[in-house]
Amino acid sequence: MIRSARLVLRLLREEDLEDLHQIFSNPLAMRYWDRPAWQDMETTRKLLAAFMQDAPERQLSCAIEHEGELIGRIGMSRHFEIGYILHPDWWGKGLGTEAIAAFLPELFVRFPNADALTAEIDPRNTGSARVLEKNGFACVRIERQNFLYGEDEWCDTAYYRLNRPTSEK
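Let us look at the structure shown here. (Residues numbered from 1 in each chain as written. Predicted model: local features only at pLDDT ≥ 70, side-chain atom pairs only at ≥ 80, totals over all residues. Heavy atoms only, no water.)

A few words now on the environment of Thr43. Looking at the secondary structure, you find Thr43 in helix α2 (residues 41–51). Sequence spacing of Thr43 and Phe24 is 19 residues, and the spatial spacing of their C-alpha atoms is 9.3 Å. (Helix = DSSP H or I, 4+ residues; strand = E, 2+ residues; numbered from the N terminus.)

Shown next as structure tokens:
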């Protein structure tokens, strides 16, 4: 469990299904995710199972709680890539920035062979870009029209990187 001033980051559990589904079925929340929102609970159940997969040497996935309520998810998957999502009701309050700031030190401790962390976002997602940049990530390149969102929308991808702090080596 990781605590910050306003948040608790904890491992996901099966009882998080409904709250996560409220996020993944929300078109606004999913606008810049890797696929459009869905309404099928079984899709969310499968995703939650993947997030809960016991592979501590390769991944870490956490619920983001604020005042006891699950408001999002943050994680690191293979290749030391982080990802995060918040329910739109919680956007613009600094909680995404705070979640990543709390999460990063744990990642560098837990994964000592990670020389850097990466993130991929749609460059139109300026809020997410600000969250990453406030946490020290830098955009290293943008690839044009390389990602198919849904069935017919080609999007760009911005690639971000955060090198391991020198004091962490």
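For the structure shown, the criterion picks out 4 aromatic pairs. Considering the side-chain rings of Phe24 and Trp38, the 5.4 Å spacing of their centres and the 15° angle between planes classify their relative orientation as stacked. Separated by 14 residues along the polypeptide, Phe24 in helix α1 (residues 17–24) and Trp38 in the loop between α1 and α2 bring together distant segments of the chain. Owing to a relative accessible area of 1%, Phe24 belongs among the buried residues under this scheme. Sitting above the plane of the Tyr149 ring, Arg31 keeps its charged end 5.0 Å from the centroid. (Phe/Tyr/Trp six-rings, centres within 6.5 Å; stacked < 30°, edge-to-face > 60°. Buried < 20%, exposed > 50% of the residue type's maximum accessible area, 1.4 Å probe, protein only. Lys NZ or Arg CZ within 6 Å of the ring centre and 35° of its normal.)

Turning our eyes to something else, we now look at the nonpolar core. In terms of nonpolar packing, the biggest core is built from 33 residues, with Leu9, Ile74, Ile82, Ile100, Phe103, Leu132 and Phe137 touching the most fellow members. Apart from the residues within four sequence positions on either side, Phe137 is in contact with Ile82, Ile100, Leu104, Leu117, Thr118, Ala119, Leu132, Tyr160, Arg161 and Leu162. The next biggest cluster of nonpolar side chains, apart from the first, holds 15 residues, and it includes Ala29, Met30, Leu47 and Phe51. (Core = buried A, V, L, I, M, F, W, Y, C linked by side-chain atoms within 4.5 Å. Contact = heavy atoms within 4.5 Å.)

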